[in-house]
Amino acid sequence: MSSEKYDTKDMRMIDYLNIMATLVYLGTIVLFLIKKPAFLYSPAKNQPSPKLEKFLFFLILGAAIFLRFYRLATLPEGLHQDEASNSYEGFAIANYGIDRNGYPYPIYPITFGSGGGNPLLIYTYALICKFTEPSVFSYRCIFAVYGTLTIILFYLLLHKIYDTKTALLGMSLLTLMPWHIVLSRWGLDSNNIPFWSILIVLLFYYANQTQKTSLYIITSILCAVILYCYGSATFVMPFFVLFACGYSLWTKRITIKQLIYSGFAFLLFAFPIAVFYFINVFDFPAIVTSNFSFARFTGNHTNSTFLAFNAGLPKALLENLVHLLKMITIGTQDELWNYVPGYFTLYHFTFPVTFLGIYVGFKDVLRDFKKRNYNRHALMCCMLLGTFTIALFMVPNINRLVFLWLPLIYFMVLGFYTLGKYSRYLLALSLLLFGLGSVSFVKDYFTEYGTMSNFLFMKGYGDAVVYAEEIHEEGTIIYSTYENLASPYLTVLLYTRTSPFDYIETAVYKDEDAEFKIASSFTHYVFGLPEDITDEKYYKNIIIISNTERERFHGLPYSQTEFGNYTVLEYCGD
């Protein structure tokens, strides 16, 4: 679903404002570079009093909580297929001890057959399911909490590196950032990565400052834990660890002995997932016990995620580089579950100040690197370099590049900080434009975004399934459309609380060896309407259709009960 569908006068007005704001930001940076003031860090003067700092901190935190929890269960309305997948896996493991592929307590649930799950998330939700019934709110609440905690950790990092004013500024920017608001309000597998990545950077920074072995060990354990969050972490984190540890050794902030201790802790906690990948890479059989299991993938997700290493690689890398530069500047079209048209991730117009921050940050790090002096921006430079290195070889979209956006926001803060040292008026103008963009975004998100995204989140389909299940009679079938739906079998599994044992026994897949295993039927559900569905031989069954298909059933003896974008048809003849 493209943003072009929503090219209204209001959206065109946003485009004009983006152009104007971008020109102002570019002009501001040009003025700054012409004067070329000193870039070195210096503490800001006139810091707020402790009481004022506390007041502002909780005021911003309150705004962050509101923007992430308000209407959490209904905006976006419905449930995305990945949300349904992870929710059901958590429910199944909590109540039956197996996932939907039949593995008891899998180290890494393979979900669709080729991955796509988040073990840490799934087991967190399994724990929640021990105390409450699955719901949209209970699942999304995990991400809203993660998002709120990320803002607090970002504040702590900036407070340690800069000063109170800059920390409060950065906290405000992250609170109002479109990418982070969208990410915190729905449950994609990758959406808890920012919390774990900022926690790792913060603890690594504290470890560099104190040089305590215990902190290095804790940080290394977290570097292993994040591998259980999302597939791209498996590739990004080794580069980050390599850059960060190499830099720490060069600047004498970590000893070889500490590195060995930390490496041992990392290997210990990463061992289970390493065994899982070893089994799948080298085609060993799955390991299954009653208490844990190492599953085998049934499909390959690599080809649709990474560039092919063939003769076309150089051209593909160049195209990827161009696409990445567009993504972090003017933005590119992506799936609507990742962004809001007209705003993109970090607002279209902010990239000049972000690039200024990157320039200043890397300039300072390189200057100190030559002298073997530690620089406070180094860890974020390492994270940006690690992410960007992997991103060049990855088919890009916003959620796959989830490690990228927080470092960019960090350097945006550095860019604003640097501007403020040059001119308070240019800083005030830049922040005023950011504030106006934020007001516009919040308004559009809470008024327009639900309409834009309702088909992506299958608004009303879960309620339609519950109703169809209530009126279903034994021996009959519930036929579900595929129109405006994605993997509807997952929503049915979750909303009907189907036992994974019943699902495994009855499931029929479209293609057992496909990259994503999709069920075409199980128990009394069939997905995809037969061509002759209007024939009277189907009258005794229940049919779920998209509202866009109503005309096809006009004049037939069905009562129609509408749920959002979908309608349940029940035979009402003799």
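For the structure, see preceding data.
Residues numbered from 1 in each chain as written. Predicted model: local features only at pLDDT ≥ 70, side-chain atom pairs only at ≥ 80, totals over all residues. Heavy atoms only, no water.

Participant: What am I meant to see in the overall build of the protein chain here?
Facilitator: Helix and strand content of the protein chain: 20 helices and nine strands. By the compact-globule yardstick of 25 Å for 574 residues, the protein chain fits well, its C-alpha radius of gyration being 26 Å. Considering only residue pairs separated by 6 or more positions, the protein chain has 76% of its internal contacts joining residues 24 or more positions apart. As displayed, the protein chain has an accessible area near 24,600 Å², and 64% of this comes from carbon and sulfur atoms. For the protein chain, the distance from the average position of its 41 positive side-chain charges to the average position of its 42 negative side-chain charges is 23 Å. (Helix = DSSP H or I, 4+ residues; strand = E, 2+ residues; numbered from the N terminus. Rg over C-alpha atoms; globule rule 2.2 N^0.38 Å. Contact = heavy atoms within 4.5 Å. Areas by Shrake-Rupley, 256 points an atom, 1.4 Å probe, with all protein chains shown as cover. Lys, Arg positive; Asp, Glu negative; His and termini not counted. Charge placed at Lys NZ, Arg CZ, Asp CG, Glu CD.)

Participant: Looking at this structure, how should I read the nonpolar core?
Facilitator: One finds Trp405 and Tyr489 to be the most contacted residues of the largest nonpolar core, which totals 172 residues. It is helix 15 (residues 402–422) that provides the largest number of residues to this core, a total of 15 residues. Look past the residues within four positions of Tyr489 in its chain and what remains in contact with it is Arg100, Phe112, Tyr503, Lys517, Ile518, Ala519, Phe522 and Phe527. Membership of the second largest hydrophobic core comes to 10 residues, among which are Tyr479, Leu529, Tyr538 and Tyr558. (Core = buried A, V, L, I, M, F, W, Y, C linked by side-chain atoms within 4.5 Å. Buried < 20%, exposed > 50% of the residue type's maximum accessible area, 1.4 Å probe, protein only.)

Participant: Would you take a moment to explain the packing of aromatic side chains for this structure?
Facilitator: The way to describe two aromatic rings as a pair is by their centre distance and the angle between their planes. Considering all chains together, one arrives at 58 aromatic pairs under this definition. Ring plane angle 85° and centroid distance 5.1 Å describe the contact between Phe57 and Phe58, whose orientation is recorded as edge-to-face. Ring geometry for Tyr96 against Phe501: centres 6.3 Å apart, planes inclined by 75°, an arrangement best described as edge-to-face. Of this pair, Tyr96 sits in helix 3 (residues 81–96) while Phe501 is found in helix 20 (residues 500–506), placing the two residues 405 residues apart along the sequence. The exposure class of Tyr96 is partly exposed, given its relative accessible area of 33%. (Phe/Tyr/Trp six-rings, centres within 6.5 Å; stacked < 30°, edge-to-face > 60°.)

Participant: Mind showing me how you'd approach the pairing of strand 9 (residues 566–571) here?
Facilitator: Remark: a regular strand shows side chains that alternate across the two faces of the sheet. Alignment of strand 7 (residues 542–546) against strand 9, held across four bridges, turns out to be antiparallel. Looking across to strand 9, one finds that Ile544 is bridged to Val568. Here six bridges tie strand 8 (residues 558–563) to strand 9, and the two strands are oriented antiparallel to one another. Looking at strand 9, one finds that Gln560 is bridged to Leu569. Between strand 8 and strand 9, which pair antiparallel in sequence order, lie two residues; one of them, Gly564, sits at a positive phi of approximately 60°. (Pairing = 2+ DSSP bridges.)

Participant: Would you mind going over the side chain of Gln258 with me for this structure?
Facilitator: Inspection of the secondary structure assignment puts Gln258 in helix 11 (residues 256–281). Judged by its relative accessible area of 8%, Gln258 is buried. Other than its neighbours up to four places away in sequence, Gln258 contacts Gln211, Lys212, Thr213, Tyr216 and Arg253.

Participant: I would appreciate a short explanation of empty space enclosed by the protein in the present structure.
Facilitator: Any empty space left between atoms is shown by rolling a water-sized probe over those atoms. Going through the model one piece at a time under the given rule, you end up with four cavities of 30 Å³ or more. Space inside the largest cavity adds up to approximately 80 Å³. Lining the largest cavity are Trp179, Val182, Leu183, Trp186, Ser190, Asn191, Trp337, Asn338, Ile398, Asn399, Val402 and Trp405. Elements represented by at least two residues in the lining of the largest cavity include exactly helix 7 (178–183) and helix 15. Of the residues forming the lining of the largest cavity, the biggest block, three residues, is contributed by helix 7. Of the residues in the lining of the largest cavity, the class split is eight nonpolar, four polar and no charged. Looking at the second largest cavity, its volume works out to about 60 Å³. For the second largest cavity, the full set of lining residues is Met327, Ile328, Thr329, Phe344, Thr345, Leu346, Tyr347, Thr350, Phe351, Thr354 and Trp405. Split by residue class, the lining of the second largest cavity holds seven nonpolar, four polar and no charged. (1 Å grid on protein atoms, 1.4 Å probe; cavity = no way out; pocket = protein on both sides within 12 Å on 5 of 7 lines; lining within 4 Å. Points joined across faces, edges and corners; volume = space filled by probe spheres on them. Nonpolar A, V, L, I, M, F, W, Y, C, P; charged D, E, K, R; others polar.)

Participant: When you look at unusual backbone geometry in this model, what are you seeing that I'm missing?
Facilitator: Among all residues except glycine, the phi angle is most often negative; among peptide bonds, the trans geometry is most common. With omega at 0°, the peptide bond leading from Leu75 into Pro76 counts as cis. Phi angles above zero are rare outside glycine, and Arg372 is one such case at about 60°. The topology assignment puts Arg372 in the loop between helix 13 (351–370) and helix 14 (378–391).

Participant: Explain the sheet that holds strand 8 here, please?
Facilitator: Within a sheet, adjacent strands bond to each other through the backbone by hydrogen bonds, running parallel or antiparallel. With mixed pairing, seven strands are arranged side by side in an open sheet as 4-5-6-3-7-9-8. The sheet is open, and its two borders are formed by strand 4 (508–509) and strand 8, each paired with just one other strand. Along the sheet, helix 18 (residues 461–471) contacts strand 3 (478–480), strand 6 (525–527), strand 7, strand 8 and strand 9; its crossing angle with strand 9, the most-contacted strand, is approximately 15°. Relative to the sheet, helix 19 (residues 488–496) contacts strand 3, strand 5 (519–522) and strand 6, its axis offset from that of strand 6 by approximately 155°. (Axes fitted to C-alpha atoms, helices over the stretch in contact; angles between N-to-C directions.)

Participant: Just checking my understanding: could you explain the pattern of salt bridges for this structure?
Facilitator: Oppositely charged side chains may form a pair once their charged atoms are brought near each other. By the definition in use, this model includes 11 salt bridges. Of the charged contacts, one joins Arg550 and Glu562 as a salt bridge, the two residues approaching to 2.7 Å between their closest N and O atoms. Taken as a pair, Arg550 in the loop between strand 7 and strand 8 and Glu562 in strand 8 lie far apart in primary sequence, 12 residues in all. Assessed through its relative accessible area of 28%, Arg550 is described here as partly exposed. Ionic contacts of the salt-bridge type, sharing partners, join the residues Asp364, Arg367 and Asp368 into one network. (Salt bridge = Lys/Arg side-chain N within 4 Å of Asp/Glu carboxyl O.)

Participant: Please explain the environment of Phe516 as it appears in this structure.
Facilitator: Along the chain, Phe516 falls in the loop between strand 4 and strand 5. Taking the C-alpha atoms as reference, Phe516 lies 19 Å from Leu79; in sequence the two are 437 residues apart.

Participant: Could you clarify how one ought to interpret a nonpolar patch on the surface in this entry?
Facilitator: There is a patch of nonpolar side chains on the surface, built from Leu318, Leu321, Val322, Leu325 and Phe355 and spanning about 390 Å² of accessible area. Ranked by residues supplied to the nonpolar patch, first place goes to helix 12 (residues 313–327) with four residues. With relative accessibility at 31%, the residue Leu321 sits in the partly exposed group. (Patch = residues over 30% accessible without salt bridge, like charges linked within 9 Å, V, L, I, M, F, W, Y side chains within 5 Å.)

Participant: Looking at this model, I keep getting lost on the side chain of Ser138. Mind explaining?
Facilitator: Mapped onto the elements, Ser138 comes out in helix 5 (residues 136–161). Among the polar contacts made by the side chain of Ser138, one reaches the side chain of Tyr125 at a distance of 2.9 Å. Those residues within four positions of Ser138 in sequence are excluded, and the remaining contacts are Tyr125, Ile128, Thr132 and Glu133. (Polar contact = N/O pair within 3.5 Å; in protein donor to acceptor, adjacent residues only side chain to side chain.)

What is shown is where atoms sit, not what they do.
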